[in-house]
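What follows is the residue order along each chain.
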Protein chains: 2
Amino acid sequence: MAQSSVNNGVNVEALLAAREALKGAPEAAKFTWRASCKWQNGTHSNTAVQGFHGLGQEQKHKTEFTFEADHPEVFASEDHGATPVEYVLVGLASCLTAGVASVAQNRGIQLRSVEAKLEGSMDIQGILGIDSDVRNGYNDIKVTFHIDADASKKEIEAIVAQSQKRSAVYDVVANPTNITVEVA
Amino acid sequence: MAQSSVNNGVNVEALLAAREALKGAPEAAKFTWRASCKWQNGTHSNTAVQGFHGLGQEQKHKTEFTFEADHPEVFASEDHGATPVEYVLVGLASCLTAGVASVAQNRGIQLRSVEAKLEGSMDIQGILGIDSDVRNGYNDIKVTFHIDADASKKEIEAIVAQSQKRSAVYDVVANPTNITVEVA
């Protein structure tokens, strides 16, 4: 495969250069991501994302991104936005998909289409406090990729496996992450 | 405190009725949440959320919610949307905030305002593959609530603690969750 003709829209050269640069400047590799949430009414909230810290200084997205979240009507709520647990699926889907594009680019494989279907199963006896042996969160999450690319099934599976290995959100969900909750 | 005069917009009576109803119908408590992600170009994807399964049948949100995700310009990307790891913060913030409103309502405490600031620290030496001892995901996440309510600091802290105890997204992030990734 001629790597020069492959274009998945990922600037792998820049990423590889960043990797080399950060090897000599580990402090610059420390990032802080932020979100700011305002309660609206009931279970409805609005969360804004714009600024973050990285490469040794304050950074920000070109625009502020805002997200409405709510519970659906079957939970006696008003369904003003996606359910919080669905946002976790959005993060996982988009992280693995960005990884697939990046790894494919690095391996010189042209992608034509990538779709991921996610399903997360949850027993709401947990969050309702019916059974303390039932966890609040997902029992398991299944991700199924449909990928059309100039590659064999085996090569595609290897791309997905490498994306999973390097995915930040996969790691956060699959493994324990320390959370501190405080009241100011 | 006169519970009757408190209105945080949460229908606690309906939730308590649902809890009683589901005690006798555990199958109905099994939910499946879904998301469908389409790669756009580079690290940019679009994820849609609408249908889910619960209470023994197919359900759906009133509208389809769609989310653009991308990496920022400092990662040599085009910044078409929030970063996947920021979506995790959105889910965590909105889940804990919905819980605060629900618990306050159940305890007869009127909320005036609730804001949550989240910060997640991450060393990108992990995702860049510089140091295999550095994890890909967040090292830790800090959530700080600013709450104005008809309640003492101690009562407010107890509300936040109970929200955390019953939060689905808190559980998913704090504890390991099984994820299966497949290629169709």
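Residues numbered from 1 in each chain as written. Chains lettered and ligands numbered in written order. Predicted model: local features only at pLDDT ≥ 70, side-chain atom pairs only at ≥ 80, totals over all residues. Heavy atoms only, no water.

With respect to the environment of arginine 112 of chain B
Position of arginine 112 of chain B relative to the elements: it lies in strand E4 (residues 111-123). Arginine 112 of chain B sits in the partly exposed class, given a relative accessible area of 47%. The sequence separation of arginine 112 of chain B and aspartate 150 of chain B amounts to 38 residues, and the corresponding C-alpha distance is 7.8 Å. Apart from the residues lying within four places of it in its own chain, the contact partners of arginine 112 of chain B are Trp39 of chain A together with Asp148, Ala149 and Asp150 of chain B. There is a polar contact of 2.4 Å between the side chain of arginine 112 of chain B and the side chain of aspartate 150 of chain B. (Helix = DSSP H or I, 4+ residues; strand = E, 2+ residues; numbered from the N terminus. Buried < 20%, exposed > 50% of the residue type's maximum accessible area, 1.4 Å probe, protein only. Contact = heavy atoms within 4.5 Å. Polar contact = N/O pair within 3.5 Å; in protein donor to acceptor, adjacent residues only side chain to side chain.)

Brief notes about the environment of valine 88 of chain B
By the element assignment, valine 88 of chain B lies in helix H2 (residues 84-106). In this structure valine 88 of chain B touches Val169 and Val172 of chain A together with Val173 of chain B, once residues within four positions along its chain are discounted.

Topic: the interface of chain B and chain A
The interface of chain B with chain A comprises 121 residues on the first partner and 121 residues on the second. There are eight salt bridges connecting chain B and chain A. The partner of glutamate 182 of chain A in a salt bridge is lysine 142 of chain B, with the nearest N and O atoms 3.8 Å apart. Applying the counting criterion to the chain B and chain A interface returns 54 residue pairs in polar contact (both at pLDDT 80 or more). In terms of strand pairing, strand E6 (residues 178-183) of chain A meets strand E5 (residues 140-149) of chain B through six bridges, oriented parallel. (Salt bridge = Lys/Arg side-chain N within 4 Å of Asp/Glu carboxyl O. Pairing = 2+ DSSP bridges.)

A word on the nonpolar core
Among the nonpolar cores identified, the biggest contains 112 residues, and Val143 and Phe145 of chain A together with Val143 and Phe145 of chain B are the most heavily contacted of them. Apart from the residues within four sequence positions on either side, valine 143 of chain A is in contact with Leu92, Leu96, Ala116, Lys117 and Leu118 of chain A together with Ile179, Thr180, Val181 and Glu182 of chain B. (Core = buried A, V, L, I, M, F, W, Y, C linked by side-chain atoms within 4.5 Å.)

So far we have only geometry, and geometry alone does not tell us how the molecule works.
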